[in-house]
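Letter by letter, the chains look like this.
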Amino acid sequence: MIDIPALEFHLAHGCNLSCQQCSHYSNFHLAGKMPTPDEARREYSHWSHRIRPKRFALLGGEPLLNPHLIGHLRLARESWPDSDLMLVTNGFFFDRHPELPATLVETDCRLEVSQHGTHEPYLARFNEARKTVWQWRADYPGIQIKIRQSHRGWMRQYQVEDGKPIPFDSNPAAAFKICMQKTCTQLFRNCLWKCPALAYHALMEQRLRIETLSAWQLFRDYKACPPSASDDELQSFVETNAIPQCGLCPSKRVTFKHPDPTQRSEIR
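Before going into details, it helps to say that this report is about the structure given with it. Within every chain, residues take consecutive numbers counted from 1 along the sequence as written. Reporting in this predicted model follows two pLDDT cut-offs: at least 70 for local features of residues, and 80 or more for side-chain atom pairs to be given and counted; totals over whole chains, interfaces and linings ignore these cut-offs and use all residues. Neither water nor hydrogens contribute to the side-chain values; these are computed over all heavy atoms in the structure.

### Considerations on the overall build of the protein chain
This is how the line gets drawn: Helix and strand assignments come from DSSP, with helices taken as H or I runs of at least 4 residues and strands as E runs of at least 2, each series counted from the N terminus. Within these notes, the globule rule equals 2.2 Å times the number of residues to the 0.38 power, and the radius of gyration is based on C-alpha atoms. Here, Shrake-Rupley sampling with a 1.4 Å probe gives the accessible areas, and only protein chains in the shown set may cover a residue.
Along the protein chain, the regular secondary structure elements total nine helices and nine strands. Relative to the globule expectation of 18 Å for 268 residues, the C-alpha radius of gyration of the protein chain, 18 Å, shows essentially globular dimensions. Principal-axis analysis of the C-alpha atoms places the extent of the protein chain at approximately 50 × 50 × 30 Å. Summed over its atoms, the accessible surface of the protein chain is roughly 12800 Å², and 49% of this surface lies on carbon and sulfur atoms.

### Section: the packing of helix 1 (residues 37-45) against helix 2 (residues 69-79)
Packed helix pairs are characterised by how far apart their axes lie and by the angle those axes make with each other. Put simply, the rule is: In this analysis an axis means a line fitted to C-alpha atoms, helices contributing only their contacting stretch, and an angle means the value between N-to-C directions, from 0 to 180 degrees. These descriptions rest on fixed angle ranges, namely under 35 degrees for roughly parallel, over 145 for roughly antiparallel, 65 to 115 for roughly perpendicular, and the rest for oblique. Crossing handedness follows the turn of the near helix against the far one: under a right angle anticlockwise gives a left-handed crossing, and clockwise gives a right-handed one. Only heavy atoms matter for contacts: two residues are in contact if any of them lie within 4.5 Å across the pair. Basically, the charged four are Asp, Glu, Lys and Arg, the nonpolar ten are Ala, Val, Leu, Ile, Met, Phe, Trp, Tyr, Cys and Pro, and anything else, Gly included, counts as polar.
Axis separation between helix 1 and helix 2 bottoms out at 10 Å; the angle between their running directions is 20 degrees. In terms of orientation, helix 1 lies roughly parallel with respect to helix 2. The handedness of the crossing between helix 1 and helix 2 is right-handed. For the pair helix 1 and helix 2, contact is made by Pro37, Ala40, Arg41 and Tyr44 and by Gly71, His72, Leu75, Ala76, Glu78 and Ser79, respectively. Split by residue class, the contact of helix 1 with helix 2 holds five nonpolar, three polar and two charged.

### Notes on the nonpolar core
Using the following cut-off: Residues belong to one nonpolar core when they are buried, are Ala, Val, Leu, Ile, Met, Phe, Trp, Tyr or Cys, and are joined through side-chain atoms within 4.5 Å. A simple rule labels every residue: compare its accessible area, found with a 1.4 Å probe on the protein chains alone, to the largest value its type can have, and call it buried under 20%, exposed over 50%, or partly exposed in between.
By size, the foremost hydrophobic cluster in this structure holds 73 residues, and its most contacted members are Leu87 and Leu100. If sequence neighbours within four positions are ignored, leucine 100 has contacts with Leu64, Leu69, Ile70, Leu73, Leu87, Phe94 and Trp136.

### Regarding the state of the cysteines
Convention followed: Any two cysteine sulfur atoms lying within 2.5 Å of each other are counted as a disulfide.
Overall, the coordinates contain zero disulfides when judged by the stated rule. Here cysteine 225 stays free of any disulfide, with the sulfur of cysteine 191 as its closest cysteine sulfur at 7.5 Å. Relative accessible area serves as the criterion here: at 6%, cysteine 225 is assigned to the buried category. No disulfide involves cysteine 249; its sulfur sits 6.1 Å from that of cysteine 195, the nearest cysteine.

Just distances and angles here, no functional claims.
What follows is the structure, given as structure tokens:
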């Protein structure tokens, strides 16, 4: 069993918000079927006996869009019994899952509610989510809830030219050093991916129809770690830090304040 810092799994690729420069490209409202627990179980089965993530996170996109959320939480705890389990959400759809607070306690799962801005239309909705989790804290002893101030550390993930996302031209080691997703291994299509930017890039390209944009070719050339990987290959995947693809990401943290995330807008 190989220890890794974290493993993440999308319950939905799309999102109801449009937070520009999202590291998962969820602002592009990516297409893709939301997995059922049975489908997730098949993906987990390739790795649950080979890797032990300190943290296992269910997220997206917006995971509460998945109608099978409760089943996914129970499956995640069953599959990764020794991991710190975490659910990351924007909190807009708590009413769809009345069993959620009790299930969070049952599965020993921490809820992280991400705040994505301070725009008035957005805050009107977000404050309702905040009130809900405050009530849960009172009603469910032992529940773990954190409000994550995501908007404060938001940074530019790519450049924009003629309304299209364009990569940076960075030193890979320098880009890796400041990367905020350096430990965010993704489980997607049965494979392990170094980060969300690589895992979901093809979905973003398909959505924007930029599959022929040569600047991103290095991302297209990336090979994820498949279930057929040997133990040595898996160990190498886990231990490798900077890779050539890191050079398409920024080497300096460029602060970025995205527009009101409840409104779609031109790519900036």
